[in-house]
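Architecture at a glance
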Amino acid sequence: MSKHERWSALLELLAAEGRLEVEEAASTLEVSAATIRRDLDELAEQQMLVRTRGGAIAHGVSYELPLRYKSSRHASEKQRIAAAVAELVADGDVVGLNGGTTTTEVARALALRAGGSGGGRRDSGAGAAGGGAGFAAGPVLTVVTNALNIAGELAVRPQIKIVVTGGVARPQTYELVGPLTTGVLHEVVLDVVILGVDGVDPDLGIMAHQEDEASVSRLFAERAHRVIVVTDSSKMGKRAFARICGLDRIDVVVTDSAISGEAAGRLTDAGIKVITV
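Keep in mind it's a predicted model, so treat the numbers as computed, not measured.

Glancing now at unusual backbone geometry. With a phi angle near 60°, Glu30 is a residue other than glycine that sits in the positive phi range. Turning to its location among the elements, Glu30 is positioned in the loop between α2 (22-29) and α3 (33-45). Accessibility expressed as a relative area gives 72% for Glu30, which makes it exposed. Backbone geometry places Tyr174, a non-glycine residue, at a positive phi of 65°. Relative to the helices and strands, Tyr174 resides in the loop between β9 (168-170) and β10 (175-177). Take Tyr174: its relative accessible area is 29%, and that puts it in the partly exposed class.

Turning next to the sheet that holds strand β4 (residues 94-97). Reading across the sheet, the seven strands line up as β8-β7-β4-β11-β14-β16-β17 and stay open at both edges, with parallel pairing between neighbours. The sheet terminates laterally at β8 (160-164) and β17 (273-276), the two strands that pair on one side only. Strand-to-strand twist across the sheet, computed as the mean angle between neighbouring axes with direction ignored, equals 20°. Both strand β11 (residues 190-196) and strand β14 (residues 224-230) contribute to a ladder of six bridges, which runs parallel. For Leu190, the partnering residue across the bridge sits in β14 and is Ala224. The strands touched by helix α6 (residues 101-115) are β4, β7 (141-145), β8, β11 and β14; relative to β4, the strand with the most contacts, the crossing angle is about 155°. Here helix α10 (residues 211-222) sits on the sheet and contacts β4, β7, β11 and β14; the angle it forms with β11, its principal contact strand, is near 150°.

What follows concerns the sheet that holds strand β12 (residues 199-201). Strand order in the open sheet formed by three strands is β12-β13-β15, and the pairing between neighbours is antiparallel. Every other strand in the sheet has two partners, leaving β12 and β15 (242-245) as the edge strands with one partner each. Direction aside, neighbouring strands of the sheet carry axes that sit 35° apart on average. On top of the sheet, α10 reaches β13 (205-208) and β15; it is set at about 5° to β15, its chief contact.

A rise of 1.5 Å per residue sets the reference length of α3, with its 13 residues, at 18 Å; its end C-alpha atoms lie 18 Å apart and thus fit the reference within 8%. Among the residues making up α3, those that are buried are Ala33, Thr35, Ile36, Asp39, Leu40 and Leu43. When α3 is viewed along its axis, its buried side chains cluster within an angular range of 155° and face the same direction. At the C-terminal side of α3, Gln47 shows a positive phi close to 60°.

Okay, the nonpolar core next. Among the nonpolar cores identified, the biggest contains 30 residues, and Ile206, Phe220, Ile250 and Leu267 are the most heavily contacted of them. Contributions of two or more residues to this core are made by β11, β13, α10, β14, β15 and α11 (261-269). Examining the composition of this core, we find that five residues originate from one element, α10, more than from any other. Excluding anything up to four places from it in sequence, Ile250 contacts Ile206, Val227, Val229 and Ile272. By size, the runner-up hydrophobic cluster in this structure holds 28 residues, among which are Ala84, Ala107, Leu141 and Ile160.

Where charged atoms of side chains with opposite charge meet at close range, the side chains can pair. Under the definition given, this model contains 10 salt bridges. For Arg6, the salt bridge identified is with Asp39, shortest N-O distance 2.6 Å. Of this pair, Arg6 sits in helix α1 (residues 3-17) while Asp39 sits in helix α3, placing them 33 residues apart in sequence. For Arg6, a relative accessible area of 12% puts it in the buried group. For Asp39, a relative accessible area of 1% translates into the label buried. Among the ionic pairs, Arg51 bridges to Asp41, the shortest N-O distance being 2.8 Å. Taken together, the residues Arg51 in strand β2 (residues 50-52) and Asp41 in helix α3 connect sequence positions 10 residues apart.

What counts, and where the lines are drawn
Residues numbered from 1 in each chain as written. Predicted model: local features only at pLDDT ≥ 70, side-chain atom pairs only at ≥ 80, totals over all residues. Heavy atoms only, no water. Helix = DSSP H or I, 4+ residues; strand = E, 2+ residues; numbered from the N terminus. Buried < 20%, exposed > 50% of the residue type's maximum accessible area, 1.4 Å probe, protein only. Pairing = 2+ DSSP bridges. Axes fitted to C-alpha atoms, helices over the stretch in contact; angles between N-to-C directions. Contact = heavy atoms within 4.5 Å. Expected span 1.5 Å × (residues − 1). Arc of directions from axis to C-beta. Core = buried A, V, L, I, M, F, W, Y, C linked by side-chain atoms within 4.5 Å. Salt bridge = Lys/Arg side-chain N within 4 Å of Asp/Glu carboxyl O.

None of the figures reported here should be taken as evidence of function without further support.
As structure tokens, this is what we get:
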């Protein structure tokens, strides 16, 4: 197991349990206690955890793993969710994507779909009127995002027009935030926005750990005709620090089949279509 893999595993354990003991972590990862102590010391130097006698604890209840260490969490669920969401997007749509591991998987699924769609988007204008095939050369999709990693992956896809907001980059999530970000979003109109979230509460709605990211996601929702929330079932019933919007603004939630019947029922009662994969 490489250092990166060990660090990811340690941070996963810490996120789940709130604290780590050196001997227990060494047994779980099948490495020496000395290796775990060294790893915890280095992670503490990066302010990703707090060292304690014999182990480590998370920073607090709103503990947020950097994106590069979250990519393996519920990976198969996120890929299934992404594949299902890609089917909800029509050729020619203008799609908003905020940052996060699930929306990153959605971006990849959209890229795969666009790459196999025949190299054109349907044009209901002059091409169809002229008796042609009804398709015009150009991007299949337009994607508007504030996530640098998503923009980087999609920029090389000729069938996707990528629009990146300005803003200040947050190193934890690669998201651009601030007045420059909101300034761009105020100037666009979206057919659909696909939002990754940190919590879904039946009373408060959808939430994020950081208030600046929440405000950008809120504006994404305001600029879109349809709002799709993508999240694995572990976020259901969870609260985070900053509210994005209420359930009344959401049209569809796509999640995995481990969602409880009660949670799905409350979303349905709020008028939301729930798709499980």
